[in-house]
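The chain contents come next:
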Amino acid sequence: MSKTYNIAVLKGDGIGPEVTDATIKVLEAVQESAQFKLNFLYGEAGYYCIEKYGTNLPEETVALLKKTDACLKGPMTTPETPGAPVSVAVKIRKMFNLYANVRPCRSFPNVEALKPNIDLVVVRENTEGLYSGIEYEVSPGVGVALRIITKEASLRVAEFAFKLAAKRKKHLTYVHKGNILRITDGIFKDAVQEVSAKYPDVAVDDVHIDAMTMHLVKKPETFDVIVTTNLFGDVISDEAAQVTGSLGLAAGANIGDAYGMFEPVHGSAPKYAGQNIVNPIATIMAAQMMLDYLGEKEAAAKIEKAVMQVLSEGKVRTKDLGGSSTTSEMSEAVASKIRML
Ligand code: NAD
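Here the structure is a predicted model, which is why all the values come from computation and not from measurement.

The rules behind these values
Residue positions are given per chain, counting from 1 as you read along its sequence in written order. In keeping with the predicted nature of the model, local features appear solely for residues at pLDDT of at least 70, side-chain atom pairs appear and are counted solely at 80 or more, and the whole-chain, interface and lining totals rest on all residues. Here the side-chain values reflect all heavy atoms present in the structure, with hydrogen atoms and water set aside. Each patch groups residues whose relative accessible area exceeds 30% and which form no salt bridge, using 9 Å between like charges and 5 Å between nonpolar side chains of Val, Leu, Ile, Met, Phe, Trp and Tyr. Each accessible area value is a Shrake-Rupley result obtained with a 1.4 Å probe; residue values ignore everything except the protein chains displayed when judging cover. Between Lys or Arg on one side and Asp or Glu on the other, a salt bridge is scored when a side-chain nitrogen of the former is within 4 Å of a carboxyl oxygen of the latter. Under the scheme used here, helices are H or I runs from DSSP no shorter than 4 residues and strands are E runs no shorter than 2 residues, and both carry numbers assigned from the N terminus. Using a 1.4 Å probe on the protein chains alone, a residue whose accessible area is under 20% of its type maximum counts as buried, one over 50% counts as exposed, and one in between counts as partly exposed. Residues are classed as near a molecule or strand on a simple rule: at least one heavy atom within 4 Å of it. Under the rule applied, a polar contact is a pair of N or O atoms within 3.5 Å (in protein, one hydrogen donor and one hydrogen acceptor; residues adjacent in sequence only if both atoms are side-chain atoms). Polarity classes work like this: nonpolar for Ala, Val, Leu, Ile, Met, Phe, Trp, Tyr, Cys and Pro, charged for Asp, Glu, Lys and Arg, and polar for all others, with Gly in that last group. Put simply, a nonpolar core is a bunch of buried Ala, Val, Leu, Ile, Met, Phe, Trp, Tyr and Cys residues held in one set by side-chain atoms that sit within 4.5 Å of each other. Note: domain ranges come from an automatic or database domain assignment. By definition in these notes, contact holds between two residues if any of their heavy atoms fall within 4.5 Å. Lining residues are those with an atom within 4 Å of a point, where the points come from a 1 Å grid over the protein atoms alone and group into cavities, where a 1.4 Å probe fits but cannot get out, or pockets, open sets with protein on both sides within 12 Å along at least five of seven lines. Grid points are joined across faces, edges and corners, and a volume is the space filled by probe spheres set on the points. Working note: the arc is built from the helix axis to C-beta atom directions. By definition, two strands form a pair when at least two bridges between them are found by DSSP. Helix axes use the C-alpha atoms of the stretch in contact, all axes being lines fitted to C-alpha atoms, and the angles between their N-to-C directions lie in the range 0 to 180 degrees.

**Looking at a nonpolar patch on the surface**
- A contiguous nonpolar surface patch, about 490 Å² in accessible area, is contributed by Tyr136, Val138, Val142, Val144, Leu146 and Ile148.
- Taken together, the elements giving at least two residues each to the nonpolar patch come down to β6 (135-139) and β7 (142-145).
- Residue Val138 is classed as exposed on the basis of its relative accessible area of 54%.

**Side note on the site of the ligand**
- Lining the immediate surroundings of the ligand are 20 residues, of which Met76, Gly267, Ser268, Ala269 and Asn279 lie closest.
- Here an oxygen atom of the ligand and a backbone polar atom of Met76 are 2.9 Å apart.
- With respect to the ligand, the backbone of Ala269 contributes an N or O atom lying 2.8 Å from an oxygen atom.
- Considering the ligand on its own, with 820 Å² of exposed area, one finds that the protein chains cover 68% of that surface.
- Split by residue class, the shell around the ligand holds nine nonpolar, seven polar and four charged.

**What about the nonpolar core?**
- Judged by nonpolar contacts, the single largest core of 65 residues is most densely connected at Ile7, Leu27, Val123, Leu172, Leu291, Ile303 and Leu311.
- A domain-level breakdown of this core finds at least three residues from each of domain 1 (1-92 + 259-341) and domain 2 (114-243).
- Apart from residues lying up to four places away in sequence, Ile303 is in contact with Val26, Leu27, Val30, Ile284, Gln288, Leu291 and Ile338.
- In this structure, Ile118, Ile209, Phe223 and Ala250 belong to the second largest nonpolar core, which totals 18 residues.

**Considerations on the layout of surface pockets**
- As a volume, the largest pocket reaches approximately 1,100 Å³.
- As for the largest pocket, its lining consists of 38 residues, of which Thr78, Pro79, Ser87, Val90 and Tyr131 are closest to the centre.
- Mapped by element, the contributors of at least two residues to the lining of the largest pocket are α4 (88-95), β6, α8 (230-243) and β12 (260-264).
- For the lining of the largest pocket, the element with the highest residue contribution is α4, accounting for four residues.
- Along the lines of polarity and charge, the residues of the lining of the largest pocket split into 19 nonpolar, nine polar and 10 charged.
- In terms of lining, the second largest pocket is formed by 31 residues, of which the most central are Val102, Pro104, Leu164, Met289 and Asp292.
- Secondary-structure elements contributing two or more residues to the lining of the second largest pocket are β4 (100-106), β5 (119-125), α5 (151-167), β11 (251-255), α9 (281-293) and α10 (297-313).
- Of the residues forming the lining of the second largest pocket, the biggest block, five residues, is contributed by α9.
- Each residue belonging to the lining of the second largest pocket can be placed in one class, and the counts come to 19 nonpolar, four polar and eight charged.
- Taken together, domain 1 (1-92 + 259-341) and domain 2 (114-243) each give at least three residues to the lining of the second largest pocket, which thus spans both.

**Digging into unusual backbone geometry**
- Within the chain, Asn110 stands out as a residue other than glycine whose phi angle is a positive 65 degrees.
- You can see Asn110 is positioned in the loop between β4 and β5.
- You can call Asn110 partly exposed: its relative accessible area is 42%.
- Phi angles above zero are rare outside glycine, and Asn117 is one such case at about 60 degrees.
- Residue placement: Asn117 occurs in the loop between β4 and β5.
- Assessed through its relative accessible area of 64%, Asn117 is described here as exposed.

**Looking at helix α7 (residues 209-218)**
- All of the buried residues along α7 are Ile209, Met212, His215 and Leu216. The arc that holds the buried residues of α7, viewed along the axis, is 105 degrees, so those residues lie on one side.
- Buried residues belonging to α7 abut β5, β8 (171-176), β9 (203-208), β10 (225-228) and α8.

**A short note on the sheet that holds β11**
- Here we have 10 strands laid out as an open sheet, ordered β2-β1-β3-β12-β11-β4-β5-β10-β8-β9, and mixed in their pairing. Looking at strand neighbours, the two that pair on one side only are β2 (36-43) and β9, the edges of this open sheet. Across the sheet, the mean angle separating the axes of adjacent strands is 25 degrees when strand polarity is ignored.
- Summarising the sheet, β4 and β5 pair through seven bridges and their orientation is antiparallel. Across the sheet, residue Cys105 finds its bridge partner in β5, namely Leu120.
- Its contacts with the sheet place α5 against β4, β5, β8, β9, β10 and β11, and it is angled at close to 165 degrees to β5.

**So, the side chain of Lys177**
- Here Lys177 shows up in the loop between β8 and α6 (184-196).
- Here Asp210 takes part through its side chain, which lies 2.8 Å from a polar atom of the side chain of Lys177.
- In this structure Lys177 touches Asp185, His208, Ile209, Asp210 and Phe232, once residues within four positions along its chain are discounted.

This is the structure:
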């Protein structure tokens, strides 16, 4: 009997439903020749839920996530007013202890990029740091944000990054601002150095965050695995994605010891919502990472190959890639390539 995976699908806001539907079509094409079944369980989450449920992550959705093997998540709009519900992604990452955020950035065929031959992965600590958004207005006009960095979380993410580096080109760069944030980034740096002793074959170097933003533009091809704290990782992974061509191609995985959530790096791009013009490849590649995480390597490889072939041929190109193809044309092109593999 074939194996069945329960997959939570949260379509999200803005362009989320379009890119998620496009990805489900690709996953359905993969399933036609696979030895496993994906059982999609759709849940509600996002900005649109706040009016209906008073929260962006209803309890029913949390219960649904707990019944599943992995989650495919569309982008969601996060309100910026103080006191508004915290980002759904941040809540799920913390709730399921998804401590490693993995964002591969590489050159794609036929996609105009700032530099060629890029193949790096940003591993970002995903549960603490400045990105947690713990802030207080201590007196009118005076705000404080807490940047909590723990040895435990730093060791955990460093271990994940070293394991990945050992499987790749054996080169790890850790990014920090230890010259200014001596205590918090001191803890992070010490943790990375402690873990590095277990991986003598992995070459290690460190770069300050400000210098890193410059190196990613100037010489991105010299990096392999980059590990950093939460907010720094958020910023440099968007930058690296753009350097390789488009935010519309960049996927991310949120991985813990018992669960994984997979999403595009981009947000809900509300100005493009409902127009069927954005690039679904970021979400399709998130699904590819999900299959890889589930151990379905062959199916994951098929998606990757199909995406690369479609991009190489260059006949179907969305607006961000300089073409005029629609979101659904792109997903149909990838799905039909998969059926031919
Ligand atoms: P965004 O990523 O939504 O959009 C920035 C720009 O990137 C867009 O205007 C568009 O030009 C381009 N872009 C994004 N996705 C694309 C795609 N698939 N194809 C082609 N081009 C694409 O970032 P933003 O405008 O800063 O944020 C909008 C909303 O998304 C905010 O509410 C933010 O909080 C939210 N957000 C959510 C997540 C998430 O759910 N994980 C991540 C980032 C931002």
